[in-house]
Amino acid sequence: MTSGTAHRRRCAVVGLGARARLFTQALAGPDAPYADRIELVGLCDVNAHRMAVHNGWLDTSVPAYPAEDFTEMLRRERVDLVVVCSVDRTHDHYIVQALEAGCDVVTEKPMTTDAGRARRILDAQRRTGREVRVAFNYRYNPVHSALRESLAAGEIGEVGSVHFEWLLDLRHGADYFRRWHRDKANSGGLMVHKATHHFDLVNWWLGSEPETVYARGGLFFYGDKAGRRRGLARPYARAHGSPAADGDPFAVLLADSPVLKSLYLDAEHEDGYHRDQNVFGPGVTIEDDMAVLVGYASGATLTYHLTAYSPWEGYRIAFNGSEGRLELLVEETTWARPDVRTDGTSAVLHGEVTDDSAGRTELLLRRFWERPRELKVPTGEGGHGGGDVRMLADLFGERAPDPLGRAADAADGARSLVTGLAANQSFETGLPVRARDVLTV
């Protein structure tokens, strides 16, 4: 992307849900840090109301276009850069059209949801020569950067294995089962939508890529069958306006959150989308408990587990090396309060903003024959441990050399998908899957 302030790049955002706010507010409005470098000239969405909400937050009037006029917007507004925040299964549609129109692209993760769509993006990127950046904000989390520095410095020698457990608490985990993500056709399931973050981190930390994947996963806690079996099911399709949802700790009340009310409840008349579906209702086709074993080209192995119904939220990672072990513990929440779901400023209340339940971050280096040593790392301010702010600076600010290589391109986006796509296939067949049979990058 072009650097310098002489020419302001012209940017459009497609998909104006809650996550898009991170980008629109970075580029427009009175406190936008990158407005002097990039001009927000277009919004595009299937829902006109949501675009109007974003314009209201920005206190401006960015031209708004319906989804079917996406290419017309690119032409009329002379767009240089497109930010894609739409439903996951539509990413490739907008990315490819933007590339072919001569635009560079920043896309939310996951880059797409299946191998065919990934190939389509890779082919378009290579054909056009334009740039695709995938918004892997976790690469920019200071503690994750410190972990990469330690591994790259050889502090534990050659890495033989990685153990990685990610836990979503009952507030955050449940949210994937209320929204469009609950349909695997939209999101690829949590192995794609959520774990693409984690598989990208491991690829980046190891400087390698997966070769074989074996996985087991299923719907253990959420969904109608499990809800009835455990007595958690309640007779409502969506929480808003339903007395049966009163007092249900798994229900999200859209009217109680200004953000959710404006973006979703007040927008339902246009597209009929319900953001507050019953997590124990029918129609859930994604898994909530998943175990994965991965073999890497480097010779290392990964054991990974994702649980979407934990009493606390966070993750544990351990690297076993030829000269020691590196361990990371991140407690985003120590417990989940049943009466608190949103704070009025964000769509989901994450652990890092809940003072009474926030936990700790600890990075330990355990070299052979030495006492354990804690590596002190400032976690940073802002979402995802400070990752969001640093990522935005890299995407939209002055480019600077980065020895950690945190910028993720289309090939990185595709590689992050391979493990999840292979895991989904292994869920179905019960057999190990070769990565090259799924997608070659």
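Bear in mind the structure is a predicted one, so any value in this text is a computation, not a measurement. (Residues numbered from 1 in each chain as written. Predicted model: local features only at pLDDT ≥ 70, side-chain atom pairs only at ≥ 80, totals over all residues. Heavy atoms only, no water.)

Engineer: Would you mind showing me how to read the overall build of the protein here?
Structural biologist: Helix and strand counts for the protein come out as 16 helices and 15 strands. Looking at the 441 residues of the protein, the share that counts as buried comes to 56%. Taking as baseline every contact in the protein between residues at least 6 positions apart, the subset at least 24 positions apart corresponds to 74%. Accessible area for the protein stands at about 17,900 Å²; split by element, carbon and sulfur atoms hold 49% of it. Distance between charge centroids for the protein: 2 Å, based on 52 positive and 62 negative side chains. (Helix = DSSP H or I, 4+ residues; strand = E, 2+ residues; numbered from the N terminus. Buried < 20%, exposed > 50% of the residue type's maximum accessible area, 1.4 Å probe, protein only. Contact = heavy atoms within 4.5 Å. Areas by Shrake-Rupley, 256 points an atom, 1.4 Å probe, with all protein chains shown as cover. Lys, Arg positive; Asp, Glu negative; His and termini not counted. Charge placed at Lys NZ, Arg CZ, Asp CG, Glu CD.)

Engineer: Help me understand the nonpolar core, please; the structure alone is not making it clear to me.
Structural biologist: Formed by 94 residues in total, the largest nonpolar core has its most connected members in Met191, Trp205, Tyr222, Tyr304 and Phe319. In this view, Trp205 contacts His144, Leu147, Arg148, Leu151, Phe164, Ile317 and Phe319; residues no more than four positions away in its chain are not counted. Residues Tyr34, Leu81, Val83 and Leu395 belong to the second largest nonpolar core, which totals 25 residues. (Core = buried A, V, L, I, M, F, W, Y, C linked by side-chain atoms within 4.5 Å.)

Engineer: What's the story with the sheet that holds strand S1 (residues 9–14) in this structure? I'm lost.
Structural biologist: Where strands meet in a sheet, backbone hydrogen bonds hold them as pairs that are either parallel or antiparallel. Reading across the sheet, the 6 strands line up as S3-S2-S1-S4-S5-S6 and stay open at both edges, with parallel pairing between neighbours. Bordering the open sheet on either side are strand S3 (64–66) and strand S6 (132–134), each of which pairs with just one other strand. The mean angle between the axes of side-by-side strands here comes to 20°, regardless of whether they run parallel or antiparallel. One ladder, built from 6 bridges, connects S1 with strand S2 (residues 38–45); its direction is parallel. Following the sheet pairing, Val13 is matched in S2 by Leu43. Lying on the sheet, helix H4 (residues 91–100) is in contact with S1, strand S4 (81–84), strand S5 (104–107) and S6; it crosses S5 at an angle near 160°. (Pairing = 2+ DSSP bridges. Axes fitted to C-alpha atoms, helices over the stretch in contact; angles between N-to-C directions.)

Engineer: Would you explain the pairing of strand S10 (residues 301–310) in this entry?
Structural biologist: On any regular strand, side chains alternate: one points to one face of the sheet, the next to the other face. For S10, the buried fraction is high: 7 of the 10 residues fall into the buried class. With 8 bridges joining them, strand S7 (residues 159–169) and S10 adopt parallel strand pairing. Paired with Ser161 across the strands is Thr301, a residue of S10. Looking at chain direction, strand S9 (residues 289–296) and S10 are connected through 7 bridges and run antiparallel. Note on S10: the bridge partner recorded for Gly295 is Thr301.

Engineer: Can you walk me through the packing of aromatic side chains in this structure?
Structural biologist: To describe a pair of aromatic rings, you give the distance between the ring centres and the angle between the ring planes. All chains considered together, the criterion is met by 19 aromatic pairs. In this structure an aromatic cluster arises from ring pairing among Tyr138, Phe164, Trp166, Phe199, Trp205, Tyr304, Tyr315 and Phe319. Taking NZ or CZ as reference, Arg21 lies 3.9 Å from the ring centre of Trp57, over its face. Of note, Arg179 hangs over the ring of Tyr176, and the distance from its end group to the ring centre comes to 5.0 Å. (Phe/Tyr/Trp six-rings, centres within 6.5 Å; stacked < 30°, edge-to-face > 60°. Lys NZ or Arg CZ within 6 Å of the ring centre and 35° of its normal.)

Engineer: For this particular structure, what's the right way to read the sheet that holds S7?
Structural biologist: Here we have 9 strands laid out as an open sheet, ordered S14-S13-S12-S11-S7-S10-S9-S8-S15, and mixed in their pairing. At either end of the open sheet lies a strand with only one pairing partner, and these are strand S14 (373–374) and strand S15 (433–434). Strands in contact with helix H6 (residues 142–152) are S7, strand S11 (313–321), strand S12 (324–333) and strand S13 (361–367); relative to S12, the strand with the most contacts, it is inclined by about 175°.

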